[in-house]
Amino acid sequence: MAALYEGCTLCELVPDQTVKSSGIQGIEQERGSDHIIVTNSTRSVTLYKVSDQKPLGSWTIKQGQTLSCPAVFNTQTGEYVAVTDNKVVRIWKEEDVLLDKAYKATVSSDIWRVHCSHGGQPVVLFHSGAVRLLESLLSAPQQPIEEVLAEEETMRWSTNIVAEMQQFLIFATEQKGNHFLYLQRLNPNSLQKYQLEKEKPGLSPLSFSASYRNKHICLLYLYPNGQLYQSLVPVQGGLVAEEGAQALPLPRNLLLGLPVGEGVLEAASAMALDEAHVAVVGVPHPSAGASKDFLCIWNTNFQTLQAGKEMAGKLYGQLWCYSNKVFIPHGRTLSVIPFECPKSSLASALGKLRNAKTEEGKAPVCVPSWNNILHGEIAQPKTVETRKTRTPRKTQTAPTLTVDQVLELIKTAPVDEVQKEVEGLLSRADLKDLQPSVGQLAAALVSRSLTDPVFYSSSTLVQLVHTRCLCHSICPDLVVLALEKKDYFLCQLCLQFLPDIPEAITCACLKAFISIPDEDAEKMSLEPESVSFMELLISREPGKLGLQNGFGPTSLQEDRSDDASKQDKQKPPTPQEQICPVGLHKAVLLNEILQTAYSDTFLLPHLKDFASQQVVLFLQYLQFLYLKYSQNTFPQMHGIRSPSLTQIMDWVCLVLDAHFTVLVMTPEAKGLLLNLHKFVKLQVKLVSELGKIESSFKELNKLNLKKDAGQYSIEVIELF
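Throughout what follows, the structure given in this document is the object of discussion. (Residues numbered from 1 in each chain as written. Predicted model: local features only at pLDDT ≥ 70, side-chain atom pairs only at ≥ 80, totals over all residues. Heavy atoms only, no water.)

Take the overall build of the chain next. A count of helical and extended segments in the chain gives 20 helices and 31 strands. Long-range contacts, defined here as pairs at least 24 residues apart, represent 57% of the contacts in the chain between residues at least 6 apart. Accessible surface for the chain amounts to roughly 37,700 Å². Of this, 52% is attributable to carbon and sulfur atoms. (Helix = DSSP H or I, 4+ residues; strand = E, 2+ residues; numbered from the N terminus. Contact = heavy atoms within 4.5 Å. Areas by Shrake-Rupley, 256 points an atom, 1.4 Å probe, with all protein chains shown as cover.)

Structure (structure tokens):
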């Protein structure tokens, strides 16, 4: 049976002033299943990593310009493509900062959309119905664009599909109440026009979606009266539609008759998830009255509702689906909701599918009589229970409580009983919908712990976090509760396993960790692997420094300021700098902060709230880590959770940006600032040298080297 799991918030929205639009033009998949591109209706394109719910990059156009269509990612070239002001095509890479300085070309006709399927070439669809490959269009941007659509015929929807080694562009149009579908084949180039059957007068499709199935394009379209139709368009053959030729009729069949509540649907859409399941948004739940703020999954084979989730805030009738995740804007939030659609059967569609293992355990076994075997007597086989399935009737244990029963138990039961029942619930092999259940349990435990000072079950919360089914947006008070109870082991696990911790909570944890007395920190029980890493790091004696990661005695001397004395130049890092400024367990907690995902923009304001003593101590620890990482004697800890050198340097720069003025005025921070400035300078120098090496490698690739150089050869390669 299909299921919708507990979702998370990807980003906040800025709806338009009429609140009729979510402010999102489109969502496209990027290089992999965990990256998406969100284009808003105003001026920005943002790249997100879904699992972290964090932006990886954002690009904005100038004031006065508008994004005409959603940006796409060209997997063949690793570039982004967008259109501004209807006619300006812009192309840029992830490392580009300003779109205005990126490549742009102005074309001769208004563009409707740019489409790019994974593995296919970008295709440009014009408002006139003409189609061009992006590469062909950019070779002559001012080339004339033909008129394919008839007079007063306008675009309504479009998509593209790669199937059977071909690329297909599908778009729907409307002309005076009539609706048409075009199927454009690329390589070889052909176009076919179809006309959709008319619905009741005045009703136009609210949404379209298309998928490839069994050598057909499967088109789904939803009408305001709740009728969801399906039409199959063959991909084989196809003739070029002559100008003025009659459109072919497109047969349809009614797939679902959805409830509409009062009136008709206004902001709704439907999308096929697989051959038997459809996701629908903005349609009332059959058992929830007239409210239309629902996301539902329907089984089209058996006409049954499989899963439903009420969404907070207004729905805008927008829905995207990538990699078993639904992206849905509602209210002022863009949410990501994982789903599962197992193979459908009548039993699963009705929710009556039983566990085969439990049925197997109850089956009786027929055993023939010994008299029949030894003496040939005719006797009826005896039906007995096998030893494996026999259960003493008087000692049968009570069944494990359901999720709802455990939730009720949490409200009043003591800690021991709650801990026992939650543990039993999580250990059940047939527990369905683990993710939403874990979120509900954690929220209930945290809610009672905040209101009842006597009640707190640390081990139960730790167990729930260990399931990796929690995120901060499901239970936003979990880390706050852990800090309030000074449960730093739970804080450590939350930082490890919750992917969407806000920057404000990260800074609250950092401030709490720095403020812990070392004596109290050493009494804590923390994650063993991270403690072992720090024990190894601290126990290493200061050894000979090499040229690891851009830092060593030679570079240290070369990069001293001009006004430093010769005696200072010859002085290596002092032993004091090689001693960890904090205790072992406090260092372990600080390492978790360094490895937490964040956005610079949101983190900096919260970092400015720290006292100067806290900032100096944190920078001293970062300096200690940098020096340890730069030693030849420090082994590479592959497979062990530990901060990287890049993360250390990023935090150095962040803290300096937030507190530079205060640190300059603090006398005890002078030497620390000089060292940190030197570290950053060396890293910049290292990156610069790596850039030169990269250029050299690119030149090597351009050379026509001999493929067969024999068993041994010496060749001189001139790079420049």
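On to the nonpolar core. As a rule of thumb, nonpolar side chains are buried together in soluble globular proteins. Ranked by internal contacts, the top residues of the largest apolar core, which has 109 residues, are L478, F513 and W651. In terms of nonpolar packing, the next biggest core, distinct from the first, is built from 20 residues, F168, L181, L183 and L196 among them. (Core = buried A, V, L, I, M, F, W, Y, C linked by side-chain atoms within 4.5 Å. Buried < 20%, exposed > 50% of the residue type's maximum accessible area, 1.4 Å probe, protein only.)

Quick look at the packing of aromatic side chains now. For the coordinates displayed, the defined rule picks out 15 aromatic pairs. Residues F73 and Y80 carry aromatic rings whose centres are separated by 5.1 Å and whose planes lie at 55 degrees to one another, so their mutual orientation is tilted. Judged by relative accessible area, F73 falls into the buried class, the value being 9%. Taken together, the aromatic side chains of W157, F208, Y221, Y223 and Y229 make up a single cluster linked through ring pairs. One cation-aromatic arrangement involves K193 over F180; the distance from NZ or CZ to the ring centre is 4.4 Å. (Phe/Tyr/Trp six-rings, centres within 6.5 Å; stacked < 30°, edge-to-face > 60°. Lys NZ or Arg CZ within 6 Å of the ring centre and 35° of its normal.)

Both faces of strand β12 (residues 123-126) are covered, namely the face carrying V123 and L125 and the face carrying V124 and F126. Two strands pair when backbone bridges link them, and strand β11 (residues 111-115) and β12 are joined in this way by 4 bridges, in the antiparallel orientation. Looking at β12, one finds that V114 is bridged to V124. For β12 and strand β13 (residues 131-133), the ladder comprises 3 bridges, and the chain directions are antiparallel. Bridging across to β13, V124 finds its partner in R132. Between β12 and the antiparallel strand that follows it, β13, lie 4 residues; G129 among them carries a positive phi value of about 95 degrees. (Pairing = 2+ DSSP bridges.)

Take the sheet that holds strand β26 (residues 304-310) next. Taken together, 4 strands build an open sheet; the order of strands is β23-β24-β25-β26 and the sheet is antiparallel. Edge strands, defined here as strands with exactly one partner in the open sheet, are β23 (269-272) and β26. Direction aside, the axes of adjacent strands within the sheet are offset by 20 degrees on average. Where strand β24 (residues 277-281) meets strand β25 (residues 294-299), 5 bridges bridge the pair, whose relative direction is antiparallel. (Axes fitted to C-alpha atoms, helices over the stretch in contact; angles between N-to-C directions.)

With 11 of 11 residues buried, helix α16 (residues 584-594) lies mostly within the body of the structure. Restricting attention to buried positions, one finds in α16 the residues L584, H585, K586, A587, V588, L589, L590, N591, E592, I593 and L594. On its buried face, α16 is in contact with α10 (488-497), α11 (503-515), α12 (518-521), α13 (528-539), α18 (612-629) and α19 (645-664).

The backbone of N86 shows a phi angle near 70 degrees, a positive value even though the residue is not glycine. Given a relative accessible area of 32%, N86 falls into the partly exposed group. Unlike most non-glycine residues, E152 shows phi in positive territory, near 65 degrees. With respect to the element layout, E152 can be found in the loop between α1 (134-139) and β14 (154-163).

To continue, consider the pairing of β26. Looking along a regular strand, one sees side chains alternate from face to face of the sheet. Bridge count for β25 against β26 is 6 bridges, and the pairing is antiparallel. Looking at the pairing, F294 lines up with E310 of β26. Taken together, β25 and the strand that follows it, β26, pair antiparallel across an intervening segment of 4 residues, in which Q303 is found at a positive phi of about 55 degrees.

With that settled, the discussion passes to helix α5 (residues 403-412). Every buried residue of α5 is accounted for by V403, V406, L407, L409 and I410. Viewed along the axis of α5, the buried residues span an arc of 160 degrees, placing them on a single side of the element. Set apart from the buried face of α5 by more than 90 degrees, the exposed residues are D404, K411 and T412. (Arc of directions from axis to C-beta.)

Another point: the pattern of salt bridges. A complete count under the given rule lists 18 salt bridges for this structure. With its nearest N and O atoms 3.6 Å apart, the salt bridge here joins E689 to K692. One end of the pair, E689, and the other, K692, are both in helix α20 (residues 670-702), 3 residues apart, so they sit about a helical turn from each other. Since its relative accessible area comes to 35%, E689 is described here as partly exposed. Connected through shared salt-bridge partners, K62, R90, D100 and K104 make up one network. (Salt bridge = Lys/Arg side-chain N within 4 Å of Asp/Glu carboxyl O.)

Our focus in this paragraph is the sheet that holds strand β5 (residues 44-49). Read across the sheet, 4 strands follow the order β3-β4-β5-β6 without closing on themselves; strand pairing throughout is antiparallel. Only two strands of the sheet have a single neighbouring strand rather than two, namely β3 (24-29) and β6 (54-60). Strand-to-strand twist in this sheet, taken as the mean axis angle between neighbours without regard to direction, amounts to 20 degrees. Here β5 pairs with β6 via 6 bridges, running antiparallel. Among the inter-strand pairings, S44 is bridged to a residue of β6, identified as T60.

Quick look at the packing of α5 against helix α6 (residues 415-426) now. The interhelical angle for the contact between α5 and α6, taken along N-to-C directions, is 165 degrees, at an axis separation of 10 Å. Comparing their axes, α6 and α5 come out roughly antiparallel. The handedness of the crossing between α5 and α6 comes out as left-handed. Packed against α5, whose contacting residues are V403, V406, L409 and I410, the element α6 presents E417, V418, E421, V422 and L425 at the interface. Considered class by class, the residues forming the contact of α5 with α6 number 7 nonpolar, no polar and 2 charged. (Parallel < 35°, antiparallel > 145°, perpendicular 65-115°, else oblique. Left-handed = near helix turned anticlockwise from the far one by under 90°. Nonpolar A, V, L, I, M, F, W, Y, C, P; charged D, E, K, R; others polar.)

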